[in-house]
Amino acid sequence: RAGKWEEAEDKFTQALIFSPDHPLILNYLGYSWLDRGVKIELAIEMIKKAVEQQPNDGYIVDSLGWGYYQIGNYEDAVKYLENATELVPGDPIITDHLGDALFYAGRKIEAKFQWNKALEFEPTSELIIKIKNKIEGIQFPAPGIKATPSKDM
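Residues numbered from 1 in each chain as written. Predicted model: local features only at pLDDT ≥ 70, side-chain atom pairs only at ≥ 80, totals over all residues. Heavy atoms only, no water.

1. Here we look at the overall build of the protein chain
Here's step 1: Looking only at helices and strands, the protein chain has eight helices and zero strands in total.
Here's step 2: Starting at the N terminus and walking to the C terminus, you meet the elements of the protein chain as α-α-α-α-α-α-α-α.
Here's step 3: Relative to a compact globule of 153 residues, whose C-alpha radius of gyration would be 15 Å, the protein chain shows 15 Å and is just as compact.
Here's step 4: A fraction of 52% describes how many contacts in the protein chain between residues 6 or more apart in sequence connect residues 24 or more apart.
Here's step 5: Of the roughly 8700 Å² of accessible surface on the protein chain, a fraction of 54% belongs to carbon and sulfur atoms.
Here's step 6: Once the 17 positive and 24 negative side-chain charges of the protein chain are each reduced to a mean point, those two points are 3 Å apart. (Helix = DSSP H or I, 4+ residues; strand = E, 2+ residues; numbered from the N terminus. Rg over C-alpha atoms; globule rule 2.2 N^0.38 Å. Contact = heavy atoms within 4.5 Å. Areas by Shrake-Rupley, 256 points an atom, 1.4 Å probe, with all protein chains shown as cover. Lys, Arg positive; Asp, Glu negative; His and termini not counted. Charge placed at Lys NZ, Arg CZ, Asp CG, Glu CD.)

And the structure:
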């Protein structure tokens, strides 16, 4: 968060040496990689380990759903993101993630519903703009980093 990602990544990697199965370390490092579009397959495997240990942590479940989204497995993404929204109701980012996954799973009406719902949860001004643009059809959600783009948007 302080803009020192390389240093933080090194510290998280070192922490995994001492505590290789710690769910919060696995999730934070894995999600950070997903967010940066690097080491996606490894990130998903790490987050799966975290979910096995803390299946009721909605933020970790969201990370796994977002990992599936990144590789274009939108059906599994929807499954995990729906679960995450039940575990952490009222989170605008998780709800936005679900909307994006629903959109690419071909469930566009449900996607709009989730995006509208996300607006009710006090998102940041930046997220409000992104969500409104998706609702209005001004822009599509970004497809997963390693996903094969769909011809039917």
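Now that the structure is up, let's keep going.
2. Structural notes on the side chain of Asn-27
Here's step 1: By the element assignment, Asn-27 lies in helix α2 (residues 23-36).
Here's step 2: Its relative accessible area of 11% is what places Asn-27 among the buried residues.
Here's step 3: The contacts of Asn-27, once residues within four sequence positions are left out, are Ile-47, Ala-50, Tyr-59, Ile-60 and Ser-63. (Buried < 20%, exposed > 50% of the residue type's maximum accessible area, 1.4 Å probe, protein only.)

3. Quick word on the packing of aromatic side chains
Here's step 1: This structure, assessed with the given rule, holds nine aromatic pairs.
Here's step 2: Counting every residue linked through ring pairs, the aromatic cluster contains Trp-66, Tyr-69, Tyr-74, Phe-103, Tyr-104, Trp-115 and Phe-140.
Here's step 3: Above the plane of the ring of Phe-103 lies Lys-108, whose end atom (NZ or CZ) is 4.8 Å from the centre. (Phe/Tyr/Trp six-rings, centres within 6.5 Å; stacked < 30°, edge-to-face > 60°. Lys NZ or Arg CZ within 6 Å of the ring centre and 35° of its normal.)

4. So, the pattern of salt bridges
Here's step 1: Across all of its chains, the model carries eight salt bridges by this definition.
Here's step 2: For Asp-100, the salt bridge is made with Lys-134, and the minimal N-O distance between the two is 2.7 Å. Taken together, the residues span a long stretch of sequence, with Asp-100 in helix α6 (residues 92-104) and Lys-134 in helix α8 (residues 125-135) at a distance of 34 residues.
Here's step 3: One network of salt bridges, with partners in common, ties together Glu-82, Arg-107 and Glu-110. (Salt bridge = Lys/Arg side-chain N within 4 Å of Asp/Glu carboxyl O.)

5. Remarks on the environment of Asn-83
Here's step 1: By secondary structure assignment, the location of Asn-83 is in helix α5 (residues 74-87).
Here's step 2: For the pair Asn-83 and Asp-62, spaced 21 residues apart in the sequence, the C-alpha separation amounts to 8.0 Å.

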